[in-house]
Amino acid sequence: MNTSALAIMLTVQLSVMVMTIYLFVRMLKAKPNKENTEDE
Amino acid sequence: MAQNTERWGSRLGLILAMAGNAVGLGNFLRFPIQAVQNGGGAFIIPYIVSFVLLGLPLLLVEWSTGRYGGSFGYNSPPYIMRSLNKRKLWMYIGGLGLFSNVIIAAYYCYIESWTMSYVYHSIIGTFRGMTEGQVSAFFDNYLDVGVSTTGIPYEALLFYLLCLALNIWILSRGLQKGIEKVAKICMPLLLVFGIFLVVKAFTLKAGTDGAVYDGTVGFNFLWTPQFDSLRNPKVWLAAAGQIFFTLSLGMGCIQCYASYLRKNDDIALNAMTTGFTNELCEIIIGSSIIIPISIGYFGIDKVIELTGMGGFGLGFRSLPFLFGQWGSVIGAVAGTAFFGLLFFAGITSTVAMGSPVVAFLNDGFGWKRKKSTLMFGLIIFLLGLPTVLFFQKGVFDQYDYWGGTVALFVFAMFEAILFSWVIGVDKGWKMIHQGADIKVPKVFKYILKYVTPVMLIVIFLAALVKPKNDDWSLISIKGWPVDNTSIIGELKHQGIGPNDKWIANEFYAENTGVVDSIYSQHGRNYICISSAKGNKCYTFSNDDKLQVKVGQEVKTGDVLYQGRVVNNVFYIDISRIFLLLLFMFICLVVWKGSKNIQRKETKL
């Protein structure tokens, strides 16, 4: 693959992957909202 | 106030259902084609800009307004909009959310049934040993409902009904046992199938399994930037359009799903996560399957020609043949994986399209889920039937254009205006951050207030009067010729060709070319014209009198045959009238439902 194509592909794909994993981890680590728990 | 008390079972289930709603056939068939046609690697720049300025803000708007409406007990777009502002206009704008969902679900369910059928044919080995032309002809014959190539009578209709029944069954099981469970099964499987195909594309080697080029040639072609294209407004519009469709914005599905959240549940982090999950499926998996594999076998020039037919052309006409080159076992596995991936992407989207309709019947008329799901199924069946029976007459394209494109843009445009300018972005910002697990960067507040609504208005205006051949240098104060695909061009039937009467006594050649062949197959007569735009075949009956012979040169407007001809423009106009009447009927039902709600509210 040529360098510019490879650079763009890797930058974009890795950024999206890292961001998705980061958001998923944050989401799974977040505690249930206390006010909602009280509502129930 | 409505009595619906359904809730999501888990946060992961909600995210997967929302991601399933967004991840659809467009991620795998539309995105790579758009990238190829709009500057390869450079397309990604306007695409990411659109994701940030249009996609993420609209996701936040739809999630927050959905949860807000849900806190009043409403789960359907018209009454969610009504809970945001009492002016009746907004409620009817919300009616567009029902309109686009029933229309899209009607034809989307049909495409979904193709993928189901192709999984079946991949498993039983129908495509084994077929030539490229035979695989392509298989697709044409499949769409011709009366023709059966496999011995199954009315095969397309049968798979359509099967697919519809499956959708109804999932929807009738409810939020947790139906939608959430299906998302938890389909989304991981979709990823597994996707990863398998991406690995196959990356490891494709010239000289093995009949491949002419390495898979990397396709990746090179797709990701090599052509920075000149960044100056072309067409590329920016295409990128904004792709972001819009890929995230399923402007349909009311996100609002509906978010309305089942509790009032202090997070939406900021959830919205971002689903947005990025969709991008993961689109940018990483979507871009790494059909283009690299096709280029590996056909080369760049032929793939550019094939992409002119859109993603369906490549996906359904070519890929089964290419998978066949990998041997009978791997070919069957790859075919099952690819069409299975499309099926999972499709079904998680169609159940999302059904949800606002089911919720509407509960909100406005107090119908229970099973009854409203059956009604949704009946509506989809009745609306979908014309697309199945008259697919080749242009009915499908009309549904897609007005219900699946224009209505979405109009709904999203008004939704953004309501959120940012009518309710006010300050109140909206508080709605987004209520119970939020992350703080959205403040710059988004200004993007929401100024950039997103203006961008949507500009895109809508551009679609309305797009200049001929997307040549924006034609724009002048004295006026300019509009493109056939612009909204005005569509309304004026621009580009319909010489067969512009509903009913005629002659059928004219639509392009200049040569009569390639005249033959009968499966009880139908075909006349095929080969032209610079490709090979196109037309059917004619035994009573029609042919006016041309094989090998004869024909010009646009020359008579091909004489007889009683019902032209496609008839079906197109009837579809348009029908769609307009349908929207008016939806507005009427929305109004009736609002009266029921008012009565209940007064009693309380």
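Heads up: these notes are all about the structure in this document. Just so it is clear, the model here is predicted, and its values are computed rather than measured.

What follows deals with the overall build of chain B. Of regular secondary structure, chain B possesses 22 helices and seven strands. Relative to the 2.2 N^0.38 estimate, which gives 25 Å for 604 residues, the radius of gyration of chain B is 24 Å and therefore close to what a compact globule would have. Taken along its principal axes, the extent of the C-alpha atoms in chain B is 75 × 55 × 55 Å. Here chain B holds 604 residues, and 59% of them are scored as buried. Here the analysis covers contacts within chain B between residues at least 6 apart in sequence; of these, 77% occur between residues at least 24 apart. Approximately 23600 Å² of chain B is accessible, and the part contributed by carbon and sulfur atoms is 62%. Counting 50 positive and 37 negative side-chain charges, chain B places the centres of these two groups 13 Å from one another.

Below, the discussion takes up the state of the cysteines. Each disulfide is one covalent bond, formed between the sulfur atoms of two cysteines. All names here are of chain B. Counted by the stated rule, this structure contains one disulfide over all chains. Two residues share a disulfide in this structure: Cys528 and Cys537, whose sulfurs sit 2.0 Å from each other. A torsion of 105° about the S-S bond marks the disulfide between Cys528 and Cys537 as right-handed. Residue Cys537 is classed as partly exposed on the basis of its relative accessible area, which comes to 36%. Cys186 provides the cysteine sulfur closest to Cys281, a residue in no disulfide bond, and the two sulfurs are 12 Å apart. Classification of Cys281 as buried rests on a relative accessible area of 1%.

Here we take up the pattern of salt bridges. Residues and elements named next belong to chain B. Evaluation of the coordinates by the stated rule reveals 12 salt bridges over all chains. A salt bridge links Arg231 to Asp228; the shortest N-O distance between them is 3.8 Å. Residue classification places Arg231 among the exposed positions, given a relative accessible area of 69%. By relative accessible area, Asp228 is classed as exposed at 57%.

Another aspect to go through is the interface of chain B and chain A. Contact with chain B, which involves 32 residues of that partner, is made by 22 residues of chain A. Carbon and sulfur atoms make up 71% of the area that chain B and chain A hide from each other, which totals about 2400 Å². Summed over the three residues of chain B that lose the most area to chain A, namely Trp223, Asn264 and Phe276 of chain B, the buried surface amounts to 23% of that side. Between chain B and chain A we count zero salt bridges in total. Our enumeration of links across chain B and chain A arrives at five residue pairs in polar contact (both at pLDDT 80 or more). The set of elements that each furnish at least two residues to the side of chain B that touches chain A consists of helix 1 (11-22), helix 4 (44-71), helix 10 (215-223) and helix 13 (268-285) of chain B. Top contributing element to the side of chain B that touches chain A by residue count: helix 13 of chain B, with 10 residues.

Quick look at the nonpolar core now. Counting 196 residues, the largest nonpolar core has Trp63, Trp223, Ile291 and Phe338 of chain B as the members making the most contacts within it. Broken down by element, this core gets its largest block of residues, 22 residues, from helix 19 (residues 395-433) of chain B. In this structure, Trp223 of chain B is in contact with Ala5, Ile8, Met9, Val12 and Gln13 of chain A together with Gly41, Ile44, Ile283 and Ser287 of chain B, ignoring residues within four places of it in sequence. Core analysis: the second largest hydrophobic core is formed by 12 residues, Ile527, Ile529, Val554 and Leu560 of chain B among them.

Residues and elements named next belong to chain B. If you walk across this open sheet you meet the three strands as 1-7-5, and the pairing is antiparallel. Each edge of the open sheet carries a strand with a single partner, namely strand 1 (503-508) and strand 5 (545-546). Pairing of strand 1 with strand 7 (residues 559-566), which is carried by five bridges, proceeds in the antiparallel orientation. By the bridge assignment for strand 7, Ala504 is matched with Val565.

What follows covers the environment of Tyr571 of chain B. Residues and elements named next belong to chain B. Counting through the fold element by element, Tyr571 comes out in helix 22 (residues 568-603). The class of Tyr571 is buried, set by a relative accessible area of 17%. Residues Tyr571 and Val406, 165 residues apart in the sequence, show an inter-C-alpha distance of 19 Å. Residues contacting Tyr571, with those up to four places away along its chain left out, are Phe390, Lys393, Val395 and Val566.

Reading across the sheet, the four strands line up as 4-3-2-6 (chain B) and stay open at both edges, with antiparallel pairing between neighbours. A single partner strand is all that each edge strand has here, and the edge strands are strand 4 (534-540) and strand 6 (553-554) of chain B.

Let us look at the pairing of strand 4 of chain B. Residues and elements named next belong to chain B. Here strand 3 (residues 524-531) runs beside strand 4; their pairing, made up of seven bridges, is antiparallel. Bridge pairing in strand 4 links Asn525 to Phe540. The loop that links strand 3 with its antiparallel partner strand 4 comprises two residues.

Residue and element names in this part refer to chain B. A grouping of Trp502, Ile503, Val566, Ile574, Ile577, Leu580, Leu581 and Met584 is seen on the molecular surface, where their side chains present a nonpolar patch of about 740 Å² in accessible area. In this structure, Trp502 sits in the loop between helix 21 (487-491) and strand 1. Overall, Trp502 belongs to the partly exposed group, its relative accessible area being 38%.

Conventions we followed
Residues numbered from 1 in each chain as written. Chains lettered and ligands numbered in written order. Predicted model: local features only at pLDDT ≥ 70, side-chain atom pairs only at ≥ 80, totals over all residues. Heavy atoms only, no water. Helix = DSSP H or I, 4+ residues; strand = E, 2+ residues; numbered from the N terminus. Rg over C-alpha atoms; globule rule 2.2 N^0.38 Å. Buried < 20%, exposed > 50% of the residue type's maximum accessible area, 1.4 Å probe, protein only. Contact = heavy atoms within 4.5 Å. Areas by Shrake-Rupley, 256 points an atom, 1.4 Å probe, with all protein chains shown as cover. Lys, Arg positive; Asp, Glu negative; His and termini not counted. Charge placed at Lys NZ, Arg CZ, Asp CG, Glu CD. Disulfide = S-S within 2.5 Å. Salt bridge = Lys/Arg side-chain N within 4 Å of Asp/Glu carboxyl O. Buried area = accessible area lost by both parts, 1.4 Å probe. Polar contact = N/O pair within 3.5 Å; in protein donor to acceptor, adjacent residues only side chain to side chain. Core = buried A, V, L, I, M, F, W, Y, C linked by side-chain atoms within 4.5 Å. Pairing = 2+ DSSP bridges. Patch = residues over 30% accessible without salt bridge, like charges linked within 9 Å, V, L, I, M, F, W, Y side chains within 5 Å.

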